[in-house]
Amino acid sequence: MKHLAILLVLLWPATVFAQGPVTIYLAGDSTMAQKLPEKRPETGWGEMLQQFFDEKQIRVENHAQNGRSTRTFISENRWATLVSKLKEGDYVFIQFGHNDGAKEKVDRYTPPEDYRANLLRFVADARAKKAIPVLLTPVMRRRFNSEGIFYDTHGVYPDIVRSVAAEQNVLLIDMHRMSEEILKQYGPEESKKPFLQMKPGENANYPNGVEDNTHFSPLGAEIMAGLAVDGIRKHEVRLAKFLKRPAGQ
């Protein structure tokens, strides 16, 4: 059996790609989602992921939506739609938490125990289709106190993702910790650059300016996509074989 398992891993690209390109499906919230023209230059990091892969081999399909939690992603049948498209060997990158933990927003809030149950469902449903689930912790918001010390706002939710990944033997890409390190390196002032921050009159979509510490500029989206790719390189050997250097690098 051991030799058979090794053989299947070695043959994975040939057997899967005979059916066409592998698709990476993205399930998540506004930090990952495709943006409307009237919201530009706001950019979801999922929009930047395709550039790291050859489209003939790996195709990224972004199902992330603004304002969604695990609960509403399921209740609006967005998850069912995604699952219906899965084929053997596809990947599902799952990143929620920003909206699940928003107690003040009852339309999207998901209690921790329900959040865990929803993540377990995502993993089970993907595996039932012989696809490969990948759990991602939520990316950090930009938060520094009056003394310039960074702090987190996500509460118990990132640790729930980590525990589900460990319990279910699912690949974890810890965007939460990686993005924290990036923001700390940038510091209180320079860390504005990866986020949607503009002065009045700087952009027609935001005539009064904008100071958004959750959503990304194109630079921030590319940085966050790069962190996801770093996680792929480190943890997912099969998928990492099809990474390429992004344009201009």
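Provided above is the structure to which this section pertains.
Residues numbered from 1 in each chain as written. Predicted model: local features only at pLDDT ≥ 70, side-chain atom pairs only at ≥ 80, totals over all residues. Heavy atoms only, no water.

1. Structural notes on the nonpolar core
Stated formally: The nonpolar core is taken to be a set of buried Ala, Val, Leu, Ile, Met, Phe, Trp, Tyr and Cys residues, with the residues joined through side-chain atoms within 4.5 Å. Burial classification: accessible surface area is computed with a 1.4 Å probe over protein chains only, and a residue below 20% of its type maximum counts as buried, one above 50% as exposed, and the rest as partly exposed. Secondary structure elements follow DSSP: runs of H or I no shorter than four residues count as helices, runs of E no shorter than two count as strands, and numbering proceeds from the N terminus. In what follows, residue pairs with any heavy atoms lying within 4.5 Å of each other are defined as contacts.
Ile-24, Trp-45, Leu-49, Phe-53, Phe-93 and Met-175 are the most contacted members of the largest nonpolar core, which has 40 residues in total. When residues of this core are traced back to their parent elements, those giving at least two are strand 1 (22–28), strand 2 (58–62), strand 3 (91–95), strand 4 (132–136), strand 5 (171–173), helix 6 (175–190) and helix 7 (218–235). The element contributing the most residues to this core is helix 7, with eight residues. Those residues in contact with Ile-24 that sit more than four places away from it in its chain are Leu-49, Phe-53, Ile-58, Arg-59, Val-60, Glu-61, Tyr-91, Phe-93 and Leu-239.

2. Some thoughts on helix 6
Note the cut-off: The span you would expect from a helix comes to 1.5 Å times its residue count less one. Two axes are fitted around each residue, one to the seven residues ending there and one to the seven starting there, and the angle between them is reported as the bend at that residue.
With 16 residues, helix 6 should reach 22 Å at 1.5 Å per residue; the first-to-last C-alpha distance of 20 Å falls well below that figure. At Lys-184, helix 6 is deflected by roughly 55°, the largest bend along its length, and proline Pro-188 occurs up to four residues later in sequence. Where helix 6 is buried, its residues meet strand 3, strand 4, helix 5 (157–168), strand 5, strand 6 (195–198) and helix 7.

3. Section: the packing of aromatic side chains
Quick note on the threshold: What counts as a ring pair is set by centres within 6.5 Å for rings of Phe, Tyr and Trp (its six-membered ring), and what kind of pair is set by the plane angle: stacked under 30 degrees, edge-to-face over 60, tilted for all other angles.
Counted according to the given criterion, the structure contains six aromatic pairs. With 4.9 Å between their ring centres and 70° between their planes, Tyr-115 and Tyr-157 make a pair best called edge-to-face. Of this pair, Tyr-115 sits in helix 4 (residues 112–128) while Tyr-157 is found in helix 5, placing the two residues 42 residues apart along the sequence. Its relative accessible area of 6% is what places Tyr-157 among the buried residues. For the ring pair Phe-144 and Phe-150, a centre distance of 5.5 Å and an interplane angle of 75° mean the geometry is edge-to-face. The same class applies to Phe-144 and to Phe-150, which are both buried. Ring pairs connect the aromatic residues Phe-73, Trp-79, Phe-96 and Phe-122, which therefore count as one cluster.

4. Digging into unusual backbone geometry
Leaving glycine aside, a negative phi is the common case for residues, and trans is the common case for peptide bonds. Here the residue pair Arg-40 and Pro-41 is connected by a cis peptide bond, since its omega of 15° sits within 30 degrees of zero. Of note in this structure, Asn-77 is not a glycine but carries a positive phi near 65°. Within the secondary structure layout, Asn-77 lies in the loop between helix 2 (70–75) and helix 3 (78–85). The phi dihedral of Asn-169 falls on the positive side, at around 55°, and the residue is not glycine. When you line up the elements, Asn-169 lands in the loop between helix 5 and strand 5. For Asn-169, a relative accessible area of 68% puts it in the exposed group.

5. Digging into the side chain of Lys-35
Convention followed: We call two N or O atoms a polar contact when they sit within 3.5 Å, provided that within protein one can donate a hydrogen and the other can accept it, with sequence-adjacent residues counted only if both atoms are side-chain atoms.
Along the chain, the position of Lys-35 falls in the loop between strand 1 and strand 2. Within the structure, the side chain of Lys-35 is placed 2.9 Å from the side chain of Glu-42, a separation counted as a polar contact. Engagement of the side chain of Lys-35 in a polar contact is seen with the side chain of Asn-66, the distance being 3.0 Å. For Lys-35, the residues in contact, after removing those within four places along its chain, are Ser-30, Arg-40, Glu-42, Thr-43, Gly-44, Glu-47, Asn-66 and His-215.

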